[in-house]
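Residues per chain are reported as follows:
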Amino acid sequence: MAIGGFFGEYTYHAGDKFSAIVGLREDFYKKSGSRIIGRFSPRVTLKYSPSEDIVLRANGGRGVRYSTPLIDNIGVFSTGKAFAGAYNDHILEDAWTFGGNLTYYIPVGESTNSYVSFDYFRTQFVQQMVVDYEHYANMIDFYALDGNRSFTDNYQFDFSIDPFERFNITVTCRYTNAKIELAGQGLVEKPMTSRFKGVLNMQYATNLNKWIFDFTASINGSCRVYNFMEPLYENGRTPVYPLLYAQVT
């Protein structure tokens, strides 16, 4: 477990167009009977606005944590399967995340908050607790990544507009490319992780927000199922399905 550490942060502004936040963190970890391990975790956030309508952001940093395998994956208790491997170990997970965002504020609609934006972020694991449902037929195998590959690429598009006063429309689309190297399989698509999702939200509020009407429609993409579930699904993937919500407050 973490036994201590220190953190420092510096913020820099160059007028109204550019700002940077740089953080440096050093944590010390120790498990019972083991030596103390130090981990250095830098992070940086950059923001640049060449005009009032455009904002560019870039982020990057490292994250470290001790895994708690059974608590982090509480659903394994509902499977009726036995556990194998390092399910009682607390592996020090280690990952780097970096990416950026471009936002353009559109001078249309009733408010100044209409915008389109695009995000891309990648998480690359250096060490990870792998929960493998496919290595054994009747057991769930827990083991460390230990040099194998595991990463996730996320692409997201957002559009928001207020066509008239107190009415907002927001559209979000997300595509995920998640891969992991599993024992005996090599690099494969992470199971039970949908490739894409789209959301449409419309909200209208009367004066002073006395009544609020909200409607949300989403489309959820397919994901690869575990190999023992493949006979139940065409091409070994879940179907694409929609969800509709409506609320009056």
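Please refer to the structure higher up on the page.
Now for a look at the structure at hand. (Residues numbered from 1 in each chain as written. Predicted model: local features only at pLDDT ≥ 70, side-chain atom pairs only at ≥ 80, totals over all residues. Heavy atoms only, no water.)

For the protein chain, the count of helices and strands is one helix and 15 strands. Against the globule reference of 18 Å for 249 residues, the protein chain gives a C-alpha radius of gyration of 23 Å, more extended than a compact globule. Taken over the C-alpha atoms alone, the protein chain extends approximately 60 × 50 × 35 Å along its principal axes. A separation threshold of at least 6 residues defines the contact pool for the protein chain, and within that pool the share at least 24 residues apart is 53%. Total accessible area on the protein chain stands at roughly 14,800 Å², and carbon and sulfur atoms take up 58% of it. For the protein chain, the centre of its 23 positive side-chain charges and the centre of its 25 negative side-chain charges are spaced 4 Å apart. (Helix = DSSP H or I, 4+ residues; strand = E, 2+ residues; numbered from the N terminus. Rg over C-alpha atoms; globule rule 2.2 N^0.38 Å. Contact = heavy atoms within 4.5 Å. Areas by Shrake-Rupley, 256 points an atom, 1.4 Å probe, with all protein chains shown as cover. Lys, Arg positive; Asp, Glu negative; His and termini not counted. Charge placed at Lys NZ, Arg CZ, Asp CG, Glu CD.)

The sheet built from three strands is open, its strands ordered β5-β9-β8 with mixed pairing. Looking at which strands have only one partner, the edges of the open sheet turn out to be β5 (82–85) and β8 (129–132). Averaged over all pairs of adjacent strands, the angle between strand axes in this sheet comes to 25°, irrespective of strand direction. In terms of strand pairing, β8 meets strand β9 (residues 139–144) through four bridges, oriented antiparallel. Along β9, the bridge assignment pairs M129 with A144. (Pairing = 2+ DSSP bridges. Axes fitted to C-alpha atoms, helices over the stretch in contact; angles between N-to-C directions.)

Moving on: a nonpolar patch on the surface. Residues Y10, Y12, V22, L24, F40, V44 and L46 make up a contiguous nonpolar surface patch of about 610 Å² in total accessible area. Contributing elements (two or more residues each) for the nonpolar patch: β1 (2–14), β2 (18–29) and β3 (37–51). Ranked by the residues each element gives to the nonpolar patch, the list is headed by β3, at three residues. Mapped onto the elements, L46 comes out in strand β3. Residue classification places L46 among the partly exposed positions, given a relative accessible area of 33%. (Patch = residues over 30% accessible without salt bridge, like charges linked within 9 Å, V, L, I, M, F, W, Y side chains within 5 Å. Salt bridge = Lys/Arg side-chain N within 4 Å of Asp/Glu carboxyl O. Buried < 20%, exposed > 50% of the residue type's maximum accessible area, 1.4 Å probe, protein only.)

This part is about the environment of F40. Tracing the backbone through its elements, the reader meets F40 in strand β3. Here the alpha-carbon distance between F40 and D27, two residues 13 residues apart in the chain, equals 6.7 Å.

This brings us to the layout of surface pockets. By volume, the largest pocket amounts to about 370 Å³. In terms of lining residues, the largest pocket is bounded by 21 residues, among which N73, Q128, M129, V130 and V131 are the most central. If you list the elements that add at least two residues to the lining of the largest pocket, you get α1 (69–72), β8 and β11 (167–182). The element contributing the most residues to the lining of the largest pocket is β8, with four residues. For the lining of the largest pocket, the residue count by class is ten nonpolar, five polar and six charged. (1 Å grid on protein atoms, 1.4 Å probe; cavity = no way out; pocket = protein on both sides within 12 Å on 5 of 7 lines; lining within 4 Å. Points joined across faces, edges and corners; volume = space filled by probe spheres on them. Nonpolar A, V, L, I, M, F, W, Y, C, P; charged D, E, K, R; others polar.)

What follows concerns the pattern of salt bridges. Taken as a whole and assessed by the stated rule, the structure comprises ten salt bridges. The shortest N-O distance in the salt bridge between R65 and D72 comes to 3.1 Å. Across the salt bridge formed by R237 and E189, the nearest N and O atoms sit 3.0 Å from each other. Residue R237 is found in the loop between β14 (212–220) and β15 (241–248), and its partner E189 is found in strand β12 (residues 186–189); the two are separated by 48 residues along the sequence. Of the two residues examined, R237 and E189, each falls in the buried class. In the salt-bridge network here, residues are joined through shared partners; they are R65, D72 and E93.

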